[in-house]
Amino acid sequence: MAAPDPSLFLISFTFLLFIFPSTTSKSLTSPSPISSPSPKPSPIPTPSTHSSSPLDPKQLKALQSLNIPTGKNPCSHNSTIVCDFSTPFRHIVSLTLSNCSDDVALSLTALKSLSTLTNLQFINCPISPIHFPSQLSLNLKSFTCINSLKKLTGVWLSRFKNVNDLTVSRVSITASGPGIILDSIEHLLSVTISHANLSGVLPKHWHPNLSYVDLSGNKLKGKIPSSLTELENLVFLNLSSNSLNETIPTSFGDLSSLQNVSLASNSLSGSIPDSIAAIPGLVHLDLGSNQLNGTIPKFISDMKRLKYLNLEKNNFHGILPFNASFIKKLVVLKVGENSNLCYNHSTLSKKVKLGIAPCDKHGLPISPPPSKDISSDDDEDDSDYADDESPHQQRSHGPSKVVLGIAIALSSIVFLIIFLVLLAKCCK
């Protein structure tokens with residue numbers, strides 16, 4: 001028997017490869033599912049697989065009692081409601097009640113059915129608050145109340161012991177101070193209690209992980225405690241529009257993460273602490289409308305990220321230590337209404353409107369000129385720009401040489417005519 005032809009075997013093998021290309025290829029090149037996951041959809045349930053799951057009937061009824069349009073599926077295409085993907089029923093985890101009508105009222109039954117909420121917001125809903133079920137109070141991670149719920153108490157807010165983000169604004173709060181609220185919340189990261197008619201003093205103890213504090217527009221008094229400067233993660237601090245007094249803590253520069261600070265519209269006195277120079281990322285510094293005094297520190301002009309600086313309406317004195325390049329990089333600079341503060345007119349142009357007078361040779365503000373000379377800023381601008389005019393434009397006093405020459409020439413012609421007429425009469 002003759003041996004098989006090798007070329008015939010090769011042709012047959014090639015033919016088989018063409019018939020089963022995908023099977024052969026996959027068996028040779030397919031990666032291990034451990035080293036590289038398969039591109040096929042995962043069998044683990046995804047949000048889309050539960051998009052048709054109905055909402056818990058009790059929660060659906062609660063939404064209807066709050067006059068919230070539910071439609072066929074309130075969890076879909078509704079920015080005010082966020083649901084989880086549990087089965088057989090979905091549950092609401094985030095709810096926003098905004099621009100509520102007058103007939104909306106919170107009921108204990110509805111709130112009990114909504115105990116799965118972790119985020120609850122009231123915006124422009126001036127309805128009467130009620131006692132929240134304990135399970136709902138403890139489940140909440142974020143609570144927002146803006147111009148809503150009429151009157152609140154510090155004890156009512158202190159029940160949200162597990163919130164990370166607390167925002168209450170433009171609603172009156174009855175409390176002996178912010179401490180009664182903040183001391184009870186263990187994991188607070190961000191707090192806003194603003195324009196809430198809140199009285200008392202600032203807390204002596206602060207949650208170490210706080211990164212955002214806004215207690216503006218209240219009736220807080222007393223000094224800023226040095227314990228506040230121990231918040232290493234604090235990025236935003238707004239204590240403006242209160243009745244805080246005494247000095248800014250000398251350890252204020254320990255707030256090394258601070259980017260935005262406003263202590264404006266208080267009764268703070270003393271000087272700006274030198275330690276502020278140690279805050280590298282400060283962008284916004286507002287100390288306006290206080291009783292701060294002393295000279296303005298030169299280190300402020302070395303703060304590279306600073307964009308907003310307000311030092312107006314204080315008692316600063318001396319020479320403003322800023323040059324033109326520093327002022328140019330600022331978006332906002334306010335230093336006006338510091339009667340004993342002046343600027344070096346050889347360094348800064350008069351065109352820069354600072355609201356303070358230039359300095360004399362002794363570093364004191366030059367007395368303002370008579371009122372008739374400072375009627376408008378436009379007059380000052382015209383005098384500044386006059387230095388750039390040509391010599392011909394600057395000679396605006398007295399007749400010009402051309403006019404004077406023409407007048408002399410005409411006078412000479414008239415005199416010559418009269419002379420010739422008289423001469424003709426004499427010769428007759």
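To start, this report covers the structure provided alongside it. Please read all numbers here as calculations on a predicted model, not as lab measurements. (Residues numbered from 1 in each chain as written. Predicted model: local features only at pLDDT ≥ 70, side-chain atom pairs only at ≥ 80, totals over all residues. Heavy atoms only, no water.)

**What about unusual backbone geometry?**
For step 1, the next point in the chain: Cis rather than trans, the peptide bond between Thr-87 and Pro-88 has omega equal to 0 degrees.
For step 2, the next point in the chain: Within the element layout of this structure, Pro-88 appears in the loop between β1 (81-83) and β2 (92-98).
For step 3, the next point in the chain: Here Asn-67, not a glycine, exhibits a phi torsion of approximately 60 degrees, which is positive.
For step 4, the next point in the chain: Mapped onto the elements, Asn-67 comes out in the loop between α3 (57-65) and β1.
For step 5, the next point in the chain: The backbone phi angle of Glu-337 is positive, close to 60 degrees, even though this residue is not glycine. (Helix = DSSP H or I, 4+ residues; strand = E, 2+ residues; numbered from the N terminus.)

**Focus: the side chain of Thr-96**
For step 1, the next point in the chain: Looking at where Thr-96 falls in the secondary structure, it is placed in strand β2.
For step 2, the next point in the chain: In contact with Thr-96, other than residues within four places in its own chain, are Thr-80, Gln-121 and Ile-123. (Contact = heavy atoms within 4.5 Å.)

**Quick word on α3**
For step 1, the next point in the chain: Among the residues making up α3, those that are buried are Gln-59, Ala-62 and Leu-63. Taken end-on, α3 shows its buried residues confined to a sector of 100 degrees, consistent with a single buried face. Among the exposed residues of α3, those pointing more than 90 degrees away from its buried face are Lys-58 and Lys-61.
For step 2, the next point in the chain: Those residues of α3 that are buried lie in contact with β1, β2 and α4 (108-113).
For step 3, the next point in the chain: The N-cap of α3, judged by a side-chain oxygen 2.9 Å from the amide nitrogen of Lys-58 a few residues on, is Asp-56.
For step 4, the next point in the chain: Backbone geometry just downstream of α3 places Asn-67 in the positive-phi region, at approximately 60 degrees. (Buried < 20%, exposed > 50% of the residue type's maximum accessible area, 1.4 Å probe, protein only. Arc of directions from axis to C-beta. Polar contact = N/O pair within 3.5 Å; in protein donor to acceptor, adjacent residues only side chain to side chain.)

**A few points about the state of the cysteines**
A covalent bond between the sulfur atoms of two cysteines is what we call a disulfide.
For step 1, the next point in the chain: One pass over the full model with this rule turns up 3 disulfides.
For step 2, the next point in the chain: A sulfur-sulfur separation of 2.0 Å characterises the disulfide bridge that pairs Cys-75 with Cys-83. Across the disulfide from Cys-75 to Cys-83, rotation about the S-S bond amounts to roughly -80 degrees, and the bridge is consequently left-handed.
For step 3, the next point in the chain: Disulfide pairing is shown between Cys-342 and Cys-359; the S-S distance is 2.0 Å. One quick way to see it: the torsion about the S-S bond of Cys-342 and Cys-359 is about 100 degrees, and its sign makes the bridge right-handed. In this pair, Cys-342 is assigned in strand β21 (residues 340-343) and Cys-359 in the loop between β22 (357-358) and α9 (377-386), connecting sequence segments 17 residues apart.
For step 4, the next point in the chain: The closest cysteine sulfur to the non-disulfide-bonded Cys-145 is located on Cys-125, 8.9 Å from its own sulfur.
For step 5, the next point in the chain: What makes Cys-145 buried here is its relative accessible area of 0%. (Disulfide = S-S within 2.5 Å.)

**Some remarks on the side chain of Gln-59**
For step 1, the next point in the chain: Mapped onto the fold, Gln-59 is located in helix α3.
For step 2, the next point in the chain: Once residues lying within four places of it in the same chain are set aside, the contact partners of Gln-59 are Arg-90, His-91, Ile-92, Ser-113, Leu-114 and Thr-116.

**Some words on the nonpolar core**
For step 1, the next point in the chain: By size, the foremost hydrophobic cluster in this structure holds 92 residues, and its most contacted members are Leu-95, Phe-122, Phe-132, Phe-143, Ile-173 and Phe-252.
For step 2, the next point in the chain: The element best represented in this core is β2, accounting for 3 residues.
For step 3, the next point in the chain: Counting contributing residues per domain, this core is built from domain 1 (53-200) and domain 2 (224-366), each supplying no fewer than three.
For step 4, the next point in the chain: With near-sequence residues (within four places) excluded, Phe-132 lies in contact with Leu-106, Leu-111, Leu-120, Phe-122, Ser-137, Phe-143, Trp-156 and Phe-160. (Core = buried A, V, L, I, M, F, W, Y, C linked by side-chain atoms within 4.5 Å. Domains from an automatic or database assignment.)

**Describing the pairing of strand β8 (residues 190-194)**
For step 1, the next point in the chain: Within β8, 5 of the 5 residues are buried, which leaves the element mostly enclosed by the surrounding structure.
For step 2, the next point in the chain: Side chains Ser-190, Thr-192 and Ser-194 project from β8 onto one buried face, and the interleaved Val-191 and Ile-193 project onto a second face that is buried too.
For step 3, the next point in the chain: Where strand β6 (residues 165-169) meets β8, 5 bridges bridge the pair, whose relative direction is parallel. Counterpart to Ser-169 in the pairing with β8 is Ser-194.
For step 4, the next point in the chain: Bridge count between β8 and strand β10 (residues 212-214): 3 bridges; the pairing is parallel. The residue of β10 that forms the bridge with Val-191 is Val-213. (Pairing = 2+ DSSP bridges.)

**Quick look at the environment of Leu-255**
For step 1, the next point in the chain: Relative to the assigned elements, Leu-255 resides in the loop between β13 (243-247) and β14 (260-262).
For step 2, the next point in the chain: A sequence separation of 23 residues divides Leu-255 from Ala-278, and the C-alpha atoms of the two residues are 8.6 Å apart.
For step 3, the next point in the chain: For Leu-255, the residues in contact, after removing those within four places along its chain, are Leu-228, Thr-229, Leu-231, Leu-234 and Ile-279.

**Topic: the sheet that holds β14**
For step 1, the next point in the chain: Read from one edge to the other, the open sheet built from 12 strands follows the order β1-β2-β3-β4-β6-β8-β10-β12-β14-β16-β18-β20, with strand pairing classed as mixed. Strand pairing shows two members of the sheet lacking a second neighbour, β1 and β20 (332-334), which therefore form its edges. Adjacent strand axes in the sheet meet at a mean angle of 10 degrees when their direction is disregarded.
For step 2, the next point in the chain: In this sheet, strand β12 (residues 236-238) lies alongside β10 in parallel orientation, the contact comprising 3 bridges. (Axes fitted to C-alpha atoms, helices over the stretch in contact; angles between N-to-C directions.)

**With respect to the sheet that holds strand β17 (residues 291-294)**
For step 1, the next point in the chain: The sheet built from 8 strands is open, its strands ordered β9-β11-β13-β15-β17-β19-β21-β22 with parallel pairing. The open sheet has two edge strands, β9 (199-201) and β22, and neither has a second partner.
For step 2, the next point in the chain: When β9 meets strand β11 (residues 219-222), the two strands line up parallel, connected through 3 bridges. When the bridges of β11 are listed, Ser-199 appears paired with Lys-219.

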